[in-house]
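Here are the chains, one letter per residue:
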Amino acid sequence: MGQPANTARLWHCPKCQRPFANIHQSHSCGSYTVADFLANKSPKGISLYDSFASLVSECGPVITAPAKTRVGFQARMIFAAVYRLNDQGLHAHVVLARRLENPRFLKIESFSPRNHAHHFKIESIAELDEEVRSWLAEAYLVGKQEHLKSRPSRAKS
């Protein structure tokens, strides 16, 4: 996956060199790889991960950001992540600037008015469909922080 064009403006942790959109972003330093995350996973799980990562790469340049318990996908900020992978499926989330109600989402966590993590599970490659592709495309814009360029208008009193 290529590097996003605006990564030069990212702050890099002096210990682990991980890039962040915000200076002194809270995180756990470590040296992790996708291979670490995929170690001891089943062929089915690895196939699901590879197919998901391929869909992510269609969005544009992405930084793969592996951590101890997940693999994040980052433009300026992480917009999607795989956090569990086994024979039963791939558990992931996308960050959208809105709450999108959909029966495929297992849970929605709201962090701010414009950051909502939508959790879902993929049990087969066939479920990596146009709907998931559309979530990733929308989340990628959040990862690029495009949603911050147009503030919602406030009603005047």
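Above this text sits the structure in question.
Analysis parameters
Residues numbered from 1 in each chain as written. Predicted model: local features only at pLDDT ≥ 70, side-chain atom pairs only at ≥ 80, totals over all residues. Heavy atoms only, no water. Axes fitted to C-alpha atoms, helices over the stretch in contact; angles between N-to-C directions. Helix = DSSP H or I, 4+ residues; strand = E, 2+ residues; numbered from the N terminus. Parallel < 35°, antiparallel > 145°, perpendicular 65-115°, else oblique. Left-handed = near helix turned anticlockwise from the far one by under 90°. Contact = heavy atoms within 4.5 Å. Nonpolar A, V, L, I, M, F, W, Y, C, P; charged D, E, K, R; others polar. Phe/Tyr/Trp six-rings, centres within 6.5 Å; stacked < 30°, edge-to-face > 60°. Lys NZ or Arg CZ within 6 Å of the ring centre and 35° of its normal. Salt bridge = Lys/Arg side-chain N within 4 Å of Asp/Glu carboxyl O. Buried < 20%, exposed > 50% of the residue type's maximum accessible area, 1.4 Å probe, protein only. Pairing = 2+ DSSP bridges. Polar contact = N/O pair within 3.5 Å; in protein donor to acceptor, adjacent residues only side chain to side chain.

Q: Can you tell me about the packing of helix H2 (residues 43–57) against helix H3 (residues 130–143), naming the residues and giving the values?
A: Put simply, H2 and H3 touch, their axes get as near as 9 Å, and they point 50° apart. The orientation of H2 with respect to H3, classified from their angle, is oblique. The element H2 and its partner H3 pack so that their crossing is right-handed. Of the residues in H3, those in contact with Phe 52, Leu 55 and Val 56 of H2 are Val 132, Arg 133 and Leu 136. Broken down by class, the residue content of the contact of H2 with H3 amounts to 5 nonpolar, no polar and 1 charged.

Q: Go over the packing of aromatic side chains, please, and point to the residues and values.
A: What characterises a pair of aromatic rings is the spacing of the ring centres plus the angle enclosed by the ring planes. Counting across every chain of the model gives 8 aromatic pairs. Taken together, Phe 37, Tyr 49, Phe 52, Phe 73, Phe 105, Phe 120 and Trp 135 form an aromatic cluster joined through their ring pairs. Above the plane of the ring of Phe 37 lies Lys 41, whose end atom (NZ or CZ) is 5.1 Å from the centre.

Q: Which residues make up the pattern of salt bridges, and what values go with them?
A: What the rule picks out here adds up to 7 salt bridges. A salt bridge links Glu 101 to Arg 99, with the nearest nitrogen and oxygen atoms 3.5 Å apart. Here Glu 101 falls in the exposed class, since its relative accessible area comes to 60%. In this structure Arg 99 comes out as partly exposed when scored by relative accessible area, which is 42%.

Q: So what's going on with unusual backbone geometry? Residues and values would help.
A: Despite not being glycine, Asn 40 has its phi angle at roughly 65°, a positive value. Residue position: Asn 40 is located in the loop between helix H1 (34–38) and H2. A positive phi angle, near 65°, is found at Gln 145, a position not held by glycine. Along the polypeptide, Gln 145 turns up in the segment after H3.

Q: Report on the pairing of strand E7 (residues 105–112), specifying residues and quantitative values.
A: Here 6 bridges tie E7 to strand E8 (residues 115–122), and the two strands are oriented antiparallel to one another. By the bridge assignment for E8, Glu 109 is matched with Ala 117. Counting the residues between successive antiparallel strands, the hairpin from E7 to E8 contains 2 residues.

Q: Tell me what's going on with the side chain of Asn 115, and back it up with residues and numbers.
A: Turning to its location among the elements, Asn 115 is positioned in strand E8. In terms of polar contacts, Asn 115 uses its side chain to reach the side chain of Ser 112, at 3.1 Å. Not counting chain neighbours up to four residues away, the residues in contact with Asn 115 comprise Met 77, Val 95, Leu 96, Glu 109, Ser 110, Val 142 and His 147.

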